[in-house]
Amino acid sequence: MLRKAGELMSSLGASFVVTGEVLGQRPMSQHRKAIEIIESESGLDGLILRPLSAGLFPPSLPEREGIVDRKKLLSISGRSRKTQINLAENLEIKDYPCPAGGCLLTDPVIASRLRDLFTCMPDFDMPDIHLLKIGRHFRIHPALKIILGRNEAENSRLIGLTKPGFTLFRRRTSAAHRFGHRNPR
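(A) Structural view of a nonpolar patch on the surface. Taken together, the side chains of F138, I140, L144, I146 and L148 define a hydrophobic patch exposed on the protein surface, amounting to about 430 Å² of accessible area. Looking at the nonpolar patch, the elements that each hand over two or more residues are β3 (136-141) and β4 (144-148). The greatest single-element share of the nonpolar patch, amounting to three residues, is contributed by β4. Residue F138 is classed as partly exposed on the basis of its relative accessible area, which comes to 37%.

As structure tokens, then:
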């Protein structure tokens, strides 16, 4: 994800990347060594700003250049979300994800769908990202993907995310099925 962010920086006019990572919050992926490896392998050495834990890391390039005031950055670490919840309350932020939830990118299914999106649809937009969370996905051809809703709620979300170039298929219900009669076949 950070490598892709790095690729998009120049087209967005960005000079660095900001993440919401907190040192030690996710023991498998947000420990110091993992964070250092990810930064190095993404090609963004010094260009990732982690405002919630910045005080626990060496200053990033934006801090060293004075673009960001290091004194205003935090030094949060560990699994507790109390500091972030208090910060949200102080900033009057009321709509934020449940603290117990994990990053969708750690879900192998979502990660696979995201890789597929990057490969087959480089000009994706936010509705395309939202589609990754819905239904069952089948890549038929590099230019053709089928997404099947698993229930009425997912079907409604799929309908809401359709855009020009999408084809929407709906199953017709037979009169017998609508009235509770089923064909034994």
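(B) How the structure looks around the side chain of E39. Relative to the assigned elements, E39 resides in helix α2 (residues 32-42). Judged by relative accessible area, which is 14%, E39 ranks as buried. In terms of polar contacts, E39 uses its side chain to reach the backbone amide nitrogen of G46, at 2.7 Å. Among residues more than four places away in sequence, those in contact with E39 are L44, D45, G46, L47, I48 and R50.

(C) How the structure looks around α2. Turning to α2, its buried residues are A34, I35, E39 and S42. With its buried residues spanning 130 degrees around the axis, α2 presents them on a single face. Of the residues in α2, the exposed ones pointing more than 90 degrees away from the buried face are K33 and E41. Buried positions along α2 lie against α1 (2-12) and β2 (48-49). G43 sits one or two positions beyond α2 and adopts a positive phi of about 80 degrees.

(D) Examining the packing of aromatic side chains more closely. All chains considered together, the criterion is met by one aromatic pair. Aromatic pair F118 and F124: ring centres 5.5 Å apart, planes at 35 degrees, arrangement tilted. Over the ring of F57 we find R32; its NZ or CZ atom is 5.1 Å from the centre of that ring. We note R50 situated over the ring of F57; from NZ or CZ to the ring centre the distance is 5.5 Å.

(E) Geometry of the pattern of salt bridges. Applying the stated criterion across every chain, the model contains nine salt bridges. Between E7 and K4 there is a salt bridge whose closest N-O contact spans 3.8 Å. Here E7 and its partner K4 are both found in helix α1, three residues apart, which amounts to about one turn of the helix. Residue K4 is classed as buried on the basis of its relative accessible area, which comes to 15%. For the salt bridge of K163 with D128, the shortest nitrogen-to-oxygen distance reads 2.9 Å.

(F) Local environment of unusual backbone geometry. Of note, E92 is a non-glycine position whose phi angle comes to about 60 degrees, a positive value. Note on placement: E92 falls in the loop between α4 (82-90) and α5 (108-120).

(G) The arrangement of the pairing of β4 in detail. Pairing between β3 and β4: five bridges, direction antiparallel. Bridge pairing in β4 links F138 to I146. The turn joining β3 and β4, which pair antiparallel and follow one another in sequence, is formed by two residues.

(H) Geometry of the side chain of D116. By the secondary structure assignment, D116 is in helix α5. Residue D116 is classed as buried on the basis of its relative accessible area of 17%. At 3.4 Å, the side chain of D116 forms a polar contact with the side chain of K145. Ignoring anything within four residues of it in the chain, the contact list for D116 reads M121, R139 and K145.

Calculation criteria
Residues numbered from 1 in each chain as written. Predicted model: local features only at pLDDT ≥ 70, side-chain atom pairs only at ≥ 80, totals over all residues. Heavy atoms only, no water. Patch = residues over 30% accessible without salt bridge, like charges linked within 9 Å, V, L, I, M, F, W, Y side chains within 5 Å. Areas by Shrake-Rupley, 256 points an atom, 1.4 Å probe, with all protein chains shown as cover. Salt bridge = Lys/Arg side-chain N within 4 Å of Asp/Glu carboxyl O. Helix = DSSP H or I, 4+ residues; strand = E, 2+ residues; numbered from the N terminus. Buried < 20%, exposed > 50% of the residue type's maximum accessible area, 1.4 Å probe, protein only. Polar contact = N/O pair within 3.5 Å; in protein donor to acceptor, adjacent residues only side chain to side chain. Contact = heavy atoms within 4.5 Å. Arc of directions from axis to C-beta. Phe/Tyr/Trp six-rings, centres within 6.5 Å; stacked < 30°, edge-to-face > 60°. Lys NZ or Arg CZ within 6 Å of the ring centre and 35° of its normal. Pairing = 2+ DSSP bridges.

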